[in-house]
Amino acid sequence: MAAIVLIVEAFGIVLLNWFLGLVVDNQDMSLAGLDPRAMSTGAWIAGGLFGLYLVLCGIVLARTAITDRAPGGFGRILLISAAVVHGLLGAFSISLVGWFSFVLLMVVLALLVLTLVAYDRQGHEHGNEQGNQQGEQGPATPPAPTTP
């Protein structure tokens, strides 16, 4: 679920930055003497890079769900950074955009944190070791009672 949400969010971010780049390009206005074409190109590049980042996070989440294993070191760091970004964007979005965007960002943040907590590396590996030992030795049966 979180992977699908992040991929949809990536497409939304790319479309938003594409639209903002078009607006800046069509207005033909400069900000502090910057060329409007440079600002629109910067918006398009930033949107593309942020979209790729979110798609990569979605791929890591999809791989985690398919394999039912915790993400590795790089994947874990990537998901933690995505959670931090969503937390910061949520804090900024309250005043700039409104409560609806804040709620959406917090839902994505909750899905990321849930994934990171649900696949705790040490707890998950310990559970597998215990299951493997039981599978090798067979089911645990109580010892037979002794007869007098």
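Note that this is a predicted model, so its numbers are computed, not measured.

Rules of the game
- Residues numbered from 1 in each chain as written.
- Predicted model: local features only at pLDDT ≥ 70, side-chain atom pairs only at ≥ 80, totals over all residues.
- Heavy atoms only, no water.
- Salt bridge = Lys/Arg side-chain N within 4 Å of Asp/Glu carboxyl O.
- Helix = DSSP H or I, 4+ residues; strand = E, 2+ residues; numbered from the N terminus.
- Expected span 1.5 Å × (residues − 1).
- Buried < 20%, exposed > 50% of the residue type's maximum accessible area, 1.4 Å probe, protein only.
- Contact = heavy atoms within 4.5 Å.
- Core = buried A, V, L, I, M, F, W, Y, C linked by side-chain atoms within 4.5 Å.
- Patch = residues over 30% accessible without salt bridge, like charges linked within 9 Å, V, L, I, M, F, W, Y side chains within 5 Å.
- Areas by Shrake-Rupley, 256 points an atom, 1.4 Å probe, with all protein chains shown as cover.

Right, let's talk about the pattern of salt bridges for a bit. As enumerated under the stated definition, the model contains one salt bridge in all. For Asp25, the salt bridge identified is with Arg37, shortest N-O distance 3.3 Å. Taken together, the residues span a long stretch of sequence, with Asp25 in helix α1 (residues 2–27) and Arg37 in helix α2 (residues 36–67) at a distance of 12 residues.

Compared with the 46 Å implied by 1.5 Å per residue over 32 residues, the 47 Å span of α2 between its first and last C-alpha is a close match. Listed as buried for α2 are Pro36, Ser40, Ala43, Gly47, Gly51, Leu54, Cys57, Gly58, Val60, Leu61 and Thr64. Those residues of α2 hidden inside the fold are in contact with α1, α3 (73–96) and α4 (99–118). After α2 finishes, the residue Asp68 shows a positive phi value of roughly 55°.

Here we take up the nonpolar core. Formed by 17 residues in total, the largest nonpolar core has its most connected members in Leu6, Leu54, Cys57, Leu61, Leu79 and Leu112. Only α1, α2, α3 and α4 provide two or more residues apiece to this core. The greatest single-element share of this core, amounting to five residues, is contributed by α1. Setting aside anything within four residues of it in sequence, one finds Leu6 in contact with Leu54, Cys57, Gly58, Leu61, His86, Val108 and Leu112.

Turning to a nonpolar patch on the surface, a few remarks are in order. The grouping of Leu15, Leu16, Trp18, Phe19, Leu20 and Val23 at the surface amounts to a nonpolar patch, some 590 Å² of accessible area in total. Relative to the helices and strands, Leu15 is located in helix α1.

Another point: α3. With 24 residues, α3 should cover 34 Å at 1.5 Å per step; its first-to-last C-alpha distance of 34 Å lies within 8% of that length. Of all the residues in α3, the buried ones are Gly75, Leu78, Leu79, Ala82, Ala83, His86, Gly90 and Ser93. Where α3 terminates, the next one or two residues include Gly98, which has phi positive at roughly 140°.

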